[in-house]
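Read off the chains here:
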Amino acid sequence: MTGENDPFVQLQQVTLTYGQGEKTVAALGETNLKIGKGDFVALVGPSGCGKSTILKLVTGLITASSGWVFVAGREVGAEPVRVGMAFQNPTMLPWLSIRDNVMLPLKIVPPFRQQFRAKRKTEFRDRADALLKQVGLAGFGDKFPWQLSGGMLQRASLCRALIHDPQLLMLDEPFGALDQFTREELWAIMQDLWMTRRPTVLLVTHDLKEAGYLANRVCVMRARPGRIVEDCHVDLPRPRTIEMTYEPGFVSLTQRLRELIVSARAPDAAKTEVPA
Ligand SMILES: Nc1ncnc2c1ncn2[C@@H]1O[C@H](COP(=O)(O)OP(=O)(O)OP(=O)(O)O)[C@@H](O)[C@H]1O
């Protein structure tokens, strides 16, 4: 599932420059990327190499300075595509219950928006409760955000990202603020959600173990200007387990990714550590 022949997402000769005049930042040099429907691709690389910029281009939040971005066979923005998103900080509306927070996209995104009132509300509640159960939050739907831990809120935010059956799921360091054990628990949950629903996923992460555990492909980026320098396929069976991450094949994958990133960060490679 490399997306070579019939890509769901395609960046073709895309460049992106922020700003104007003397204050321009060449965030992305010429970038090509094809992602097949239902694939899971991770973007890794040093800070500032353009990972979030790619997410913004694919969701249509920003427009390419040159080149083309296609989603579902059309230029991005030409056709409505259901997108789910989760970020490092799972911002929830504090005055809504967890269930109502999870149901929020159904109130906003067509065609659910039109069906939300009376007719399908019970069905939508059941859908939210089933998702909450799948991530281990059965019985927490009536709680409020302040009553949940960071890990629980991130689980709820994954439910919110998936409640409207998105075709595209954008994950920007969603597990970055969690402790290692909670993070590993959430990898398993994320994998389970992806295997049962199969959205096309783009994950931005600094955690190479996370990239290797979750993704089918890991794209390594380099900065100034940002570009993809390596596209590694992860040939591990599913469902993957934490134990697999200690096996020689997985360890050599993360070592290789690490080396690529360290060389991509040169000459300032010594300033900060890249988690292995
Ligand atoms: N709105 C903006 N205006 C100007 N420059 C920007 C803007 N957004 C990002 N940049 C610059 O573009 C480059 C790429 O940024 P981007 O956020 O895509 O990188 P990243 O790889 O996601 O970084 P990080 O890992 O630190 O989140 C960086 O040099 C950044 O400073």
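Not measured: the values here are computed from a predicted model.

Rules used throughout
Residues numbered from 1 in each chain as written. Predicted model: local features only at pLDDT ≥ 70, side-chain atom pairs only at ≥ 80, totals over all residues. Helix = DSSP H or I, 4+ residues; strand = E, 2+ residues; numbered from the N terminus. Buried ≥ 20, exposed ≤ 12 C-beta atoms within 10 Å, placed from the backbone. Contact = placed C-beta atoms within 7 Å. Near = placed C-beta within 6 Å. Nonpolar A, V, L, I, M, F, W, Y, C, P; charged D, E, K, R; others polar. Domains from an automatic or database assignment. Expected span 1.5 Å × (residues − 1). Arc of directions from axis to C-beta. Pairing = 2+ DSSP bridges. Axes fitted to C-alpha atoms, helices over the stretch in contact; angles between N-to-C directions. Parallel < 35°, antiparallel > 145°, perpendicular 65-115°, else oblique. Left-handed = near helix turned anticlockwise from the far one by under 90°.

### Brief notes about the environment of Leu162
1) Next: With respect to the helices, strands and loops of the structure, Leu162 is situated in helix H5 (residues 150-162).
2) Next: Overall, Leu162 belongs to the buried group, with 23 C-beta atoms counted inside 10 Å.
3) Next: The residues touching Leu162, leaving out its near neighbours within four places in the chain, are Gly84, Leu131, Leu193 and Arg197.

### As for the site of the ligand
1) Next: The immediate surroundings of the ligand are formed by Tyr18, Gly19, Val25, Ala27, Ser47, Gly48, Cys49, Gly50, Lys51, Ser52, Thr53 and Gly226.
2) Next: Within the residue set of the shell around the ligand, elements represented by two or more residues are strand E2 (25-36) and helix H1 (51-59).
3) Next: Looking at the shell around the ligand, the element that brings in the most residues is H1, giving three residues.
4) Next: The residue makeup of the shell around the ligand, split by class, is four nonpolar, seven polar and one charged.

### What to know about the domain arrangement of the protein
1) Next: Considered domain by domain, the protein is made up of domain 1 (1-81 + 169-276) and domain 2 (94-166).
2) Next: Each of domain 1 and domain 2 has a C-alpha centre, and the two are 26 Å apart.
3) Next: At the interface, 13 residues of domain 1 touch 11 residues of domain 2.
4) Next: Residue composition of the side of domain 1 that touches domain 2, by class: 10 nonpolar, one polar and two charged.

### Structural notes on helix H8 (residues 248-265)
1) Next: With 18 residues, H8 should cover 26 Å at 1.5 Å per step; its first-to-last C-alpha distance of 26 Å lies within 8% of that length.
2) Next: All of the buried residues along H8 are Leu253, Thr254, Leu257, Leu260, Ile261, Ala264 and Arg265. Taken down its axis, H8 places every buried residue within 135° of arc, on the same side. In H8, the exposed positions that point more than 90 degrees away from the buried face belong to Pro248, Ser252, Gln255, Glu259 and Ser263.
3) Next: At its buried positions, H8 is contacted by strand E3 (40-44), helix H7 (208-214), strand E9 (217-222) and strand E10 (227-233).

### Section: the environment of Ser149
1) Next: Within the secondary structure, Ser149 sits in the loop between helix H4 (121-134) and H5.
2) Next: Along the chain, Ser149 and Trp187 lie 38 residues apart, while their C-alpha atoms are 17 Å from each other.

### As for the sheet that holds E9
1) Next: Spatially, E6-E7-E8-E3-E9-E10 is the arrangement adopted by the six strands of the open sheet, whose pairing is mixed. Two strands close off the open sheet at either side, each with one partner strand: strand E6 (83-87) and E10. Neighbour to neighbour, the strand axes of the sheet diverge by 15° on average, direction disregarded.
2) Next: Summarising the sheet, E3 and strand E8 (residues 200-204) pair through four bridges and their orientation is parallel. Counterpart to Val41 in the pairing with E8 is Leu202.
3) Next: Packed on one face of the sheet, H8 meets E3, E9 and E10 and runs near 20° to E9.

### Some remarks on the packing of helix H2 (residues 98-108) against H4
When two helices pack together, you describe them by how their axes are tilted relative to each other and by the distance separating the axes.
1) Next: H4 packs onto H2 with a crossing angle of 120° between their chain directions and a minimal axis gap of 10 Å. It follows from the interaxial angle that H2 and H4 lie oblique. In this structure, H2 crosses over H4, and the sense of that crossing is right-handed. In this structure, H2 uses Arg99, Val102, Met103 and Leu106 to contact H4, whose residues at the interface are Phe124, Arg125, Ala128, Asp129, Leu131 and Leu132.
2) Next: Split into classes, the residues belonging to the contact of H2 with H4 amount to seven nonpolar, no polar and three charged.

### Let's talk about the packing of H5 against helix H6 (residues 180-197)
1) Next: Their axes nearest at 11 Å, the elements H5 and H6 cross at an angle of 15°. When the interaxial angle is binned, H5 and H6 end up roughly parallel. Two packed elements cross with a definite hand, and for H5 against H6 that hand is right-handed. Within the contact between the two elements, H5 uses Gly151, Gln154, Arg155, Leu158 and Leu162 and H6 uses Thr182, Leu186, Ile189, Met190, Leu193 and Arg197.
2) Next: Taken together, the residues that form the contact of H5 with H6 break down as six nonpolar, three polar and two charged.

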